[in-house]
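For reference, the chains in residue letters:
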Amino acid sequence: MVQRSDALRLFWWKAKPNFGDALSSLVVAHMSGRPVVHAHVKDADLIALGSLLRVVSRNHQKLRASGKPWIWGSGMMAKVDPGFVKNVEVTLLRGPVSAGLLKLKITKFGDPGLLADVVVPNPPAREDRVGLVLHHEQVQDEALIQRLQADAAVDLIDPREDVREVCHKIASCSHVYSSSLHGLIVADSYGVANTWVDPGDHPRL
């Protein structure tokens, strides 16, 4: 891979801790061979992991002076005005539902988080234990966390921890339950059986 010194400007959601955001920068840096820096959505060269298309829609209804940013594997949690699509370059979407909502006839889908096992290799040996990855907003619920920590049958995996640590903890489980989308995607990447857990009042995509 040819290494370039100029940084790639990547947008990810920084308002709240989320290992999917950190994973985005790792995956993009690995696959591009370039350093990655965080950029505001209006200034980004690339938008990758995450349910970010609503933010992109709000900020790219007009073509920016510096040209079109690229969309690589992003998705959405709600319908958006698809008019922004003409002002971005869509190379990959997370799935066909996103394409349908944007009225795009494309056939290439996938979440770049599926590359976690390539970007964060050499996980520890798999153990006979069950992991639980909560949505990043659920870990703010102290009462819930205390109940889960008291259950010896569940290994609670905090998505606010270092992204490499989270990936390796997921990879070492025999089964992962997750209300975090990227908990499921990372489990898929490492070949770990996984089950979706309803996140309650929090976003489901």
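Anything mentioned here points back to the structure above.
A quick note: this is a predicted structure, and the numbers were derived from the prediction, not measured.

1. Here we look at the overall build of the protein chain
Right, so step 1: Along the backbone of the protein chain there are 7 helices and 9 strands.
Right, so step 2: Sorting the 205 residues of the protein chain into buried and exposed places 46% on the buried side.
Right, so step 3: Put simply, of all contacts in the protein chain between residues at least 6 apart along the chain, 59% involve residues at least 24 apart.
Right, so step 4: Summed over its atoms, the accessible surface of the protein chain is roughly 10500 Å², and 53% of this surface lies on carbon and sulfur atoms.

2. What about the sheet that holds strand S1 (residues 8–11)?
Right, so step 1: If you walk across this open sheet you meet the 5 strands as S2-S1-S3-S4-S5, and the pairing is parallel. Two strands bound the open sheet, and with one partner strand each, they are strand S2 (36–38) and strand S5 (89–93).
Right, so step 2: One ladder, built from 2 bridges, connects strand S3 (residues 46–47) with strand S4 (residues 70–74); its direction is parallel. Note that in S4 the partner of Ile 47 across the bridge is Ile 71.

3. A short note on helix H6 (residues 163–171)
Right, so step 1: Within H6, burial applies to Val 163, Val 166, Cys 167, Ile 170 and Ala 171. Projected down its long axis, H6 carries its buried residues within an arc of 130 degrees, all on one side.
Right, so step 2: Those residues of H6 hidden inside the fold are in contact with helix H1 (19–32), helix H4 (116–119), strand S6 (130–133), strand S7 (154–157), strand S8 (175–178) and helix H7 (181–189).
Right, so step 3: Measuring from the side-chain oxygen of the N-cap residue of H6 to the backbone nitrogen of Arg 164 gives 3.0 Å; that N-cap residue is Asp 162.

4. Notes on the side chain of Arg 64
Right, so step 1: Positionally, Arg 64 belongs in the loop between helix H2 (53–59) and S4.
Right, so step 2: No salt bridge is formed by the buried Arg 64; its nearest oppositely charged neighbour, Asp 45, is found at 4.4 Å.
Right, so step 3: Of note is the side chain of Arg 64, whose polar atom sits 2.6 Å from the backbone oxygen of Ala 44.
Right, so step 4: A polar contact of 2.5 Å, which involves the side chain of Arg 64, links it to the backbone oxygen of Gly 67.
Right, so step 5: With residues near it in sequence (within four places) discarded, Arg 64 still touches Arg 9, Lys 42, Asp 43, Ala 44, Asp 45 and Pro 69.

5. So, the packing of H1 against H6
Packed helices, taken two at a time, are described by the angle between their axes plus the distance between the axes.
Right, so step 1: Put simply, H1 and H6 touch, their axes get as near as 9 Å, and they point 105 degrees apart. It follows that H1 is roughly perpendicular to H6 by the angle criterion. The residues of H6 that touch H1, namely those facing Phe 19, Ala 22, Leu 23 and Leu 26, are Val 163, Arg 164, Val 166, Cys 167 and Ile 170.
Right, so step 2: Of the residues that constitute the contact of H1 with H6, the class distribution is 8 nonpolar, no polar and 1 charged.

6. A closer look at the pairing of S8
Side-chain direction in a regular strand flips from residue to residue, so the side chains alternate between the two faces of the sheet.
Right, so step 1: Here S8 shows one buried face, formed by Val 176 and Ser 178, and one open face, formed by His 175 and Tyr 177.
Right, so step 2: Here S6 runs beside S8; their pairing, made up of 4 bridges, is parallel. In the strand pairing of S8, Gly 131 is matched with Val 176.
Right, so step 3: Pairing between S8 and strand S9 (residues 193–196): 4 bridges, direction parallel. Along S9, the bridge assignment pairs His 175 with Ala 193.

7. Observations regarding the pattern of salt bridges
Right, so step 1: As enumerated under the stated definition, the model contains 6 salt bridges in all.
Right, so step 2: Where Arg 129 meets Glu 127, a salt bridge forms, and the shortest distance between an N and an O atom there is 3.3 Å.
Right, so step 3: Under the relative-accessibility criterion, Glu 127 is labelled partly exposed at 45%.
Right, so step 4: Of the charged contacts, one joins Arg 129 and Asp 155 as a salt bridge, the two residues approaching to 1.8 Å between their closest N and O atoms. Here Arg 129, found in the loop between H4 and S6, pairs with Asp 155, found in strand S7; they are 26 residues apart in sequence, far enough to count as distant.

Rules used throughout
Residues numbered from 1 in each chain as written. Predicted model: local features only at pLDDT ≥ 70, side-chain atom pairs only at ≥ 80, totals over all residues. Heavy atoms only, no water. Helix = DSSP H or I, 4+ residues; strand = E, 2+ residues; numbered from the N terminus. Buried < 20%, exposed > 50% of the residue type's maximum accessible area, 1.4 Å probe, protein only. Contact = heavy atoms within 4.5 Å. Areas by Shrake-Rupley, 256 points an atom, 1.4 Å probe, with all protein chains shown as cover. Pairing = 2+ DSSP bridges. Arc of directions from axis to C-beta. Polar contact = N/O pair within 3.5 Å; in protein donor to acceptor, adjacent residues only side chain to side chain. Lys, Arg positive; Asp, Glu negative; His and termini not counted. Salt bridge = Lys/Arg side-chain N within 4 Å of Asp/Glu carboxyl O. Axes fitted to C-alpha atoms, helices over the stretch in contact; angles between N-to-C directions. Parallel < 35°, antiparallel > 145°, perpendicular 65-115°, else oblique. Nonpolar A, V, L, I, M, F, W, Y, C, P; charged D, E, K, R; others polar.

Note that all results are geometric; they support no functional claim without further evidence.
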